[in-house]
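A closer look at the structure
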Amino acid sequence: MRVAMIGTGYVGLVSGVCFADFGHSVICVDKDPKKIDVLNNGGVPIYEPGLADLVAKNVSAGRLSFTTEIEDAVKNADAVFIAVGTPSRRGDGHADLSYVYAAAEEIAGVMDGYTVIVTKSTVPVGTGDEVQARIRKVRPDGKFDVVSNPEFLREGAAIEDFKRPDRVVVGTDSERAQEIMRSLYRPLFINETPIVFTNRRTSELIKYAGNAFLATKITFINEMADLCEKVGANVQEVSKGIGLDGRIGGKFLHAGPGYGGSCFPKDTLAVVKTAQDAGAPLQIVEAVIAANEERKNKMADKVISACGGTVKGKTIAVLGLAFKPNTDDMRDSPSLPVINKLLAGGAAIRAYDPEAMSEAKSLLPNITYCDNSYDCIEGADALVIITEWDQFRALDMDRVKDLLAAPVLIDLRNIYHPQRMKGRGFTYISVGRP
Ligand SMILES: NC(=O)c1ccc[n+]([C@@H]2O[C@H](COP(=O)([O-])OP(=O)(O)OC[C@H]3O[C@@H](n4cnc5c(N)ncnc54)[C@H](O)[C@@H]3O)[C@@H](O)[C@H]2O)c1
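This section reports on the structure supplied with the text. (Residues numbered from 1 in each chain as written. Predicted model: local features only at pLDDT ≥ 70, side-chain atom pairs only at ≥ 80, totals over all residues. Heavy atoms only, no water.)

Glancing now at the pattern of salt bridges. According to the stated counting rule, one finds 26 salt bridges in the structure shown. Salt-bridge contacts for D92 lead to R89; the nearest nitrogen and oxygen are separated by 2.5 Å. D92 sits in the partly exposed class, given a relative accessible area of 26%. A salt bridge links R182 to E179; its shortest N-O distance comes to 3.2 Å. Taken as a pair, R182 and E179 lie in helix α8 (residues 175-184) at a separation of three residues, close to a single helical turn. In this structure R182 comes out as partly exposed when scored by relative accessible area, which is 25%. (Salt bridge = Lys/Arg side-chain N within 4 Å of Asp/Glu carboxyl O. Buried < 20%, exposed > 50% of the residue type's maximum accessible area, 1.4 Å probe, protein only. Helix = DSSP H or I, 4+ residues; strand = E, 2+ residues; numbered from the N terminus.)

Moving on, we get to the site of the ligand. Neighbouring residues of the ligand: 25 residues in total, closest D30, K35, T86, E155 and K266. Between an oxygen atom of the ligand and a side-chain N or O atom of T86, the distance comes to 2.5 Å. For the ligand, a nitrogen atom lies 3.5 Å from a polar atom in the side chain of E106. Here the ligand has 840 Å² of accessible area as a free molecule, and 90% of this is covered by the chains. Of all the secondary-structure elements, those providing two or more residues to the shell around the ligand are α1 (10-21) and α5 (98-110). Of the residues that constitute the shell around the ligand, the class distribution is nine nonpolar, seven polar and nine charged. (Near = heavy atom within 4 Å. Polar contact = N/O pair within 3.5 Å; in protein donor to acceptor, adjacent residues only side chain to side chain. Areas by Shrake-Rupley, 256 points an atom, 1.4 Å probe, with all protein chains shown as cover. Nonpolar A, V, L, I, M, F, W, Y, C, P; charged D, E, K, R; others polar.)

With that out of the way, let us pick up the sheet that holds strand β10 (residues 348-352). Reading across the sheet, the six strands line up as β11-β10-β9-β12-β13-β14 and stay open at both edges, with parallel pairing between neighbours. Only two strands of the sheet have a single partner each, and these edge strands are β11 (368-369) and β14 (427-429). The pairing of strand β9 (residues 315-319) with β10 spans five bridges and is parallel. Paired with T315 across the strands is A348, a residue of β10. On the sheet, helix α13 (residues 283-306) packs against β9, β12 (382-385), β13 (408-411) and β14 and is oriented at approximately 165 degrees with respect to β13. (Pairing = 2+ DSSP bridges. Contact = heavy atoms within 4.5 Å. Axes fitted to C-alpha atoms, helices over the stretch in contact; angles between N-to-C directions.)

Once that is clear, we can look at the packing of aromatic side chains. Taken as a whole and assessed by the stated rule, the structure comprises ten aromatic pairs. Residues Y259 and F264 carry aromatic rings whose centres are separated by 6.0 Å and whose planes lie at 80 degrees to one another, so their mutual orientation is edge-to-face. Accessibility expressed as a relative area gives 5% for Y259, which makes it buried. Three or more aromatic residues joined by ring pairs make a cluster, and in this case those are F19, F22, F81, F162 and Y185. The ring centre of Y114 lies 3.7 Å from the NZ or CZ of R176, which sits over that ring. (Phe/Tyr/Trp six-rings, centres within 6.5 Å; stacked < 30°, edge-to-face > 60°. Lys NZ or Arg CZ within 6 Å of the ring centre and 35° of its normal.)

On to empty space enclosed by the protein, then. Tallied over the full model, the rule gives one cavity of 30 Å³ or more. Taken as a whole, the largest cavity encloses approximately 40 Å³ of empty space. Lining the largest cavity, in full, are T119, S121, T122, V123, S148, P150, E204, K207 and Y208. The element that contributes the greatest number of residues to the lining of the largest cavity is helix α10 (residues 200-231), accounting for three residues. Split by residue class, the lining of the largest cavity holds three nonpolar, four polar and two charged. (1 Å grid on protein atoms, 1.4 Å probe; cavity = no way out; pocket = protein on both sides within 12 Å on 5 of 7 lines; lining within 4 Å. Points joined across faces, edges and corners; volume = space filled by probe spheres on them.)

This next bit is on the nonpolar core. Counting residues in hydrophobic clusters, the biggest one holds 60 residues, and the most contacted among them are I316, L321, L342 and V400. Of the residues forming this core, the biggest block, five residues, is contributed by α13. Leaving out residues up to four positions away in the same chain, L321 has contacts with M330, S333, S335, I339, A351, D353, M357, A360, L364, Y369 and T387. Counting 40 residues, the second largest nonpolar core, distinct from the first, contains Y10, V14, V118 and I195. (Core = buried A, V, L, I, M, F, W, Y, C linked by side-chain atoms within 4.5 Å.)

Before going further, it helps to examine the pairing of strand β4 (residues 79-82). Every second residue of β4 is oriented toward a common face, with A79 and F81 on one face and V80 and I82 on the other, all of them buried. Where strand β1 (residues 2-6) and β4 come together, four bridges link them in parallel fashion. Bridged to V3 within β4 is A79. In this structure, β4 lies alongside strand β5 (residues 115-119), joined through four bridges in parallel fashion. If you follow F81 over to β5, its bridge partner there is V118.

The backbone of E192 shows a phi angle near 65 degrees, a positive value even though the residue is not glycine. Looking at E192, the relative accessible area reads 69%, which means it is exposed. In this structure, D332 takes a positive phi of about 55 degrees despite not being glycine. Looking at where D332 falls in the secondary structure, it is placed in the loop between β9 and α14 (335-344). Here D332 falls in the partly exposed class, since its relative accessible area comes to 43%.

Okay, the environment of D161 next. The topology assignment puts D161 in helix α7 (residues 158-163). Distance in space between the C-alpha atoms of D161 and A351 is 30 Å, their sequence separation being 190 residues. Every residue in contact with D161, bar those within four places of it in the chain, is listed here: F152, L153 and R154. A polar side-chain atom of D161 sits 2.7 Å from a polar atom in the side chain of R154.

Structure follows, in structure tokens:
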């Protein structure tokens, strides 16, 4: 099959290269000429494990190419995916669909013959109807179907998630479009991946319902962690104790500094707005959003209190800036509000992240960026671990203690053992554990 992927970001690039790896012929399009230049010169503009090798393999096999020219990609395509951003609209929290609609209208202007247009971007219920209407307006005689096919990959494990997903969701009533979607995902059929065929609106809502549920799970365990701190219980053991119940499941039950990233914050807000407009408010999700906002504030307070009630004039070392390990994505990372509150309290921040520092520099211009963990820690009055990169899990703690001006460790990801750290002479603060 011939595939055009419009938008070559975290989702578009990974989806495009994985479809090419399935054997399809894929052209990825992006408006950003810098991204396309990097890709055409053999580089990869984002950090995602395994992606560079997979891009190189499929480019050299002649199945994958990159362009800024939408016409080259769309004209002969059987399926055109829209994988552009849908950030929160400034001011009201609704999803900003301007990139999706612009892409749809551009596709409409150049498509040729029957084309399946697939929204892979996360879009509110009813967006497919509007995409269809806009395309129809540009091409009253056009032969096309608009399909919803939300993406569930996680940054940091994106290739594995795309190639071995828990399920694929396809929203369309058109049998012709279903047939094309089946062909595209044929290798997954062979693996017996469940494919949920549904109508377009249901498919659009599945994506938001999934993200809202996961954000709720995280927020639930974060509040349990607060309760654990008050009553002398251990949240990790609570997670294990409830997660072993098959009805609950152990995933997304790690207490921490609050969810962030490019999806949960904007998607929870957008689904709350959709629900309010529809007259069926999602009170649980509204509470989740409020609790998660407050969480980041509380994490900064945790650091301040571990530093004796003030961070004025103190130097704080921060390990981890990305919203989670194995990505360079800084969108809505909890590190941003935590660091900003510490800066506002008069602290100087030294930080290190294995991949996210170049992204972080424009968002956090007033901190010192270090070359490695130990350089970051040297001379600091406290160490805060915000992202659980593997390399932070096995630090030489004797060296860390020697390098710190004061042995204060605030572990917002619970990666060290409280008793062991206390035994080594650290003032050790974690999340929800005695
Ligand atoms: N990042 C994730 O982990 C993830 C996971 C699942 C779903 N999603 C959803 O997928 C969508 C894309 O997310 P992302 O993180 O890949 O975004 P991104 O910002 O990394 O990439 C979007 C890309 O689209 C390009 N673009 C915008 N308009 C264009 C146009 N008209 N023509 C060509 N290119 C255009 C931009 O230049 C950018 O490179 C969002 O709706 C998001 O919610 C993201």
